[in-house]
Amino acid sequence: VYRWAEVEAALHRLALVSEGSPFDGHMLRYSNPLTGGWALRTMGANMQMLKAGLHTRAHRHTGNVMYNVARGQGHSIIGGQRIDWQQHDIFCVPAWTWHEHVNDDPANPAFLFSFNDFPVMEALGVFTEEPLETTDGRQECA
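I will try to describe carefully the structure that is included in this document. What you see is a predicted model; the values in this text were computed from it and never measured. The written sequence of each chain sets the order in which its residues are numbered from 1. Only residues with pLDDT of 70 or above have their local features reported here, since the model is predicted, and side-chain atom pairs are shown and tallied only from 80 upward, although totals for entire chains, interfaces and linings are computed over all residues. Each side-chain value is worked out from all heavy atoms of the structure, with water and hydrogens disregarded.

What follows concerns the side chain of D105. Only DSSP runs of H or I with at least four residues qualify as helices, and only runs of E with at least two residues qualify as strands; both kinds are numbered from the N terminus onward. Within the element layout of this structure, D105 appears in the loop between β8 (99–103) and β9 (110–116). Categorising residues by exposure relies on relative accessible area from a 1.4 Å probe, with only protein chains included: less than 20% of the type maximum marks a residue as buried, more than 50% marks it as exposed, and the intermediate range marks it as partly exposed. Just so you know, the count uses Lys and Arg for positive and Asp and Glu for negative, and it drops His and the chain ends. Basic side-chain nitrogens of Lys or Arg form a salt bridge, by our definition, when they fall within 4 Å of a carboxyl oxygen of Asp or Glu. Buried charge without a salt bridge: D105, with R71 as the nearest opposite-charge side chain at an N-O distance of 9.6 Å. Only 2.7 Å separates the side chain of D105 from the backbone nitrogen of A107, close enough to count as a polar contact. In this structure the side chain of D105 is engaged in a polar contact, spanning 3.1 Å, whose partner is the side chain of N108. For this analysis, residues touch if any pair of their heavy atoms sits within 4.5 Å. Beyond its immediate chain neighbours, meaning those up to four positions away, D105 contacts A52, G53 and Q73. For this analysis, a polar contact is any N or O atom pair within 3.5 Å, provided that within protein one partner can donate a hydrogen and the other can accept it, and provided that sequence-adjacent residues contribute only side-chain to side-chain pairs.

Following the sequence through the fold, G72 ends up in the loop between β4 (65–71) and β5 (73–78). For G72, a relative accessible area of 23% translates into the label partly exposed. Each C-alpha atom of the pair G72 and Q48 lies 12 Å from the other, and the pair is 24 residues apart in sequence. Residues in contact with G72, not counting those within four places in the same chain, are W85, Q86, Q87, P109 and A110.

Here it is, written out as structure tokens:
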């Protein structure tokens, strides 16, 4: 059981001691308490916090990710297309697609819950990630 209040508090504590990832902000991975591995054998799950005003750098990976906006508002640039989001919205980042996230609120963090097929990609030995090295790690928006 992963209670929201505990997860939110853990992310805020993490932000006190870590700069976070330039690609994902502060992120916690849900894990199987018996094995310490992914939450499920074929699906991974994460909760990430984007600090107020954060604009992450773009990257891509071989797995697919489905996002549910738990709190906040912002936008993501996915394959050069801007996708605006707010609480309760759902959006997808297909495998090997450049993406970056922006918290449009200058005063409050945004929280994105996601699930992915990373455990399958890892089991097949094909999981990889790549940062966007040009344009300061940001995509041009169409």
